[in-house]
Amino acid sequence: MEREFILLKPDTVQRGLVGEIIKRIENTGLKLVAMKFLQVTQDMAEKHYAVHKERPFYPSLVKYITSAPTVAMVVEGPNAVAKTRNIVGATHPKDATPGTIRGDFGIDIGRNLIHASDSVENATYEIGIYFTEEEMVSWDPIRQPWVVE
Ligand code: IDP
Ligand code: MG
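The following paragraphs examine the structure supplied in this document. (Residues numbered from 1 in each chain as written. Chains lettered and ligands numbered in written order. Predicted model: local features only at pLDDT ≥ 70, side-chain atom pairs only at ≥ 80, totals over all residues. Heavy atoms only, no water.)

## Structural notes on the environment of Ser138
Here is the rule: Secondary structure elements are taken from DSSP: a helix is a run of H or I of four residues or more, a strand is a run of E of two residues or more, and numbering for both begins at the N terminus.
Counting through the fold element by element, Ser138 comes out in the segment after helix H7 (120-130). With 105 residues separating them in the primary sequence, Ser138 and Val33 have C-alpha atoms 6.8 Å apart.

This is the structure in structure tokens:
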């Protein structure tokens with residue numbers, strides 16, 4: 001069982017695509033365990049994107065992610081990281097396959113709609129920036145036996 005961290009970025013909120021994108025995540029069958037609507041602070045953005053600190057796009061990335069509200073989520077299930085990354089699509093929307101979130105809704109790498117952790121280890125780190133352990137909700141979706149054997 002894996003936990004994956006997802007952030008619907010400010011462009012998703014500003015464009016009114018929150019419902020559209022959450023629907024795709026829900027449709028996978030992955031279990032929602034936490035969700036909140038928040039404006040990312042400078043401090044959170046610096047922690048989240050610390051790995052990109054030396055990259056030329058880092059200042060604009062931090063500005064983008066802190067520029068308007070976001071929706072942070074944690075989902076859980078077998079292969080949650082790979083499954084989520086697959087439905088998100090390639091980093092640059094021009095390379096993202098149609099049918100993926102970035103492939104269907106994006107055109108610019110600087111406005112690629114959604115973040116999803118690229119490993120279980122990074123998911124744990126990123127969940128810790130956005131949520132406390134107490135915010136993880138323990139529940140049993142009634143559909144679960146029809147989603148996971
Ligand atoms: P990912 O979001 O697909 O995991 P990363 O390489 O981890 O992609 O980059 C993190 C985020 O930084 C991207 O989602 C995108 O918002 C931004 N980014 C990455 N590369 C570029 C770039 O070349 N120009 C502008 N922004 C970029
Ligand atoms: Mg990444």
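That shown, we press on.
## Things to note about helix H4 (residues 58-65)
Residue pairs three or four apart in sequence face the same way in an α-helix, which turns once every 3.6 residues. Selection criterion: Burial here depends on accessible area, computed with a 1.4 Å probe over protein chains only, as a share of the maximum for the residue type. Under 20% is buried, over 50% is exposed, and the range in between is partly exposed. The directions from the helix axis to the C-beta atoms form the arc being described. We call two residues in contact whenever any of their non-hydrogen atoms come within 4.5 Å of each other.
When H4 is considered as a whole, its buried residues turn out to be Tyr58, Leu61, Val62, Tyr64 and Ile65. On an axial view of H4, the arc spanned by its buried residues comes to 160°, and they lie on one face. Opposite the buried face of H4, by more than 90 degrees, sit the exposed residues Pro59 and Lys63. If you follow the buried residues of H4, they end up packed against strand E1 (2-8), helix H1 (10-14), helix H3 (42-48) and strand E3 (70-77).

## Examining the site of ligand 1
Heads up, the rule is: Throughout, near means a residue has at least one heavy atom within 4 Å of the molecule or strand. Under the rule applied, a polar contact is a pair of N or O atoms within 3.5 Å (in protein, one hydrogen donor and one hydrogen acceptor; residues adjacent in sequence only if both atoms are side-chain atoms). Note on areas: Shrake-Rupley, 1.4 Å probe, and residue coverage restricted to the protein chains presented here. Each residue is assigned to one of three groups, with Ala, Val, Leu, Ile, Met, Phe, Trp, Tyr, Cys and Pro labelled nonpolar, Asp, Glu, Lys and Arg labelled charged, and all others, Gly among them, labelled polar.
Neighbouring residues of ligand 1: Lys9, Tyr49, His52, Phe57, Leu61, Arg85, Thr91, Arg102, Ile109 and Asn112. Between an oxygen atom of ligand 1 and a side-chain N or O atom of Arg102, the distance comes to 3.0 Å. Asn112 is positioned such that a nitrogen or oxygen atom in its side chain is 2.8 Å from an oxygen atom of ligand 1. Compared with its free state, where it exposes 530 Å², ligand 1 has 78% of that area covered by protein. Tallied by class, the residues present in the shell around ligand 1 amount to 4 nonpolar, 3 polar and 3 charged.

## Description of the pattern of salt bridges
Note the following rule: Every case where a carboxyl oxygen of Asp or Glu lies within 4 Å of a side-chain nitrogen of Lys or Arg is listed as a salt bridge.
Applying the stated criterion across every chain yields a total of 7 salt bridges. Note that Glu133 is salt-bridged to Arg3, the shortest N-O span being 3.6 Å. Note that Glu133 is positioned in the segment after H7 and Arg3 in strand E1, a separation of 130 residues in sequence. According to the relative accessible area criterion, Glu133 is exposed, its value standing at 54%. One continuous salt-bridge network, built from bridges that share partners, spans Arg3, Lys31, Glu76 and Glu133.

## Brief notes about unusual backbone geometry
Most of the time, phi is negative for any residue but glycine, and the peptide bond is trans. Located in the positive-phi region is Asn79, a residue other than glycine, with phi close to 55°. Residue position: Asn79 is located in the loop between E3 and helix H5 (80-88). Located in the positive-phi region is Leu113, a residue other than glycine, with phi close to 75°. Take Leu113: it is sitting in the loop between helix H6 (101-105) and strand E4 (114-116).

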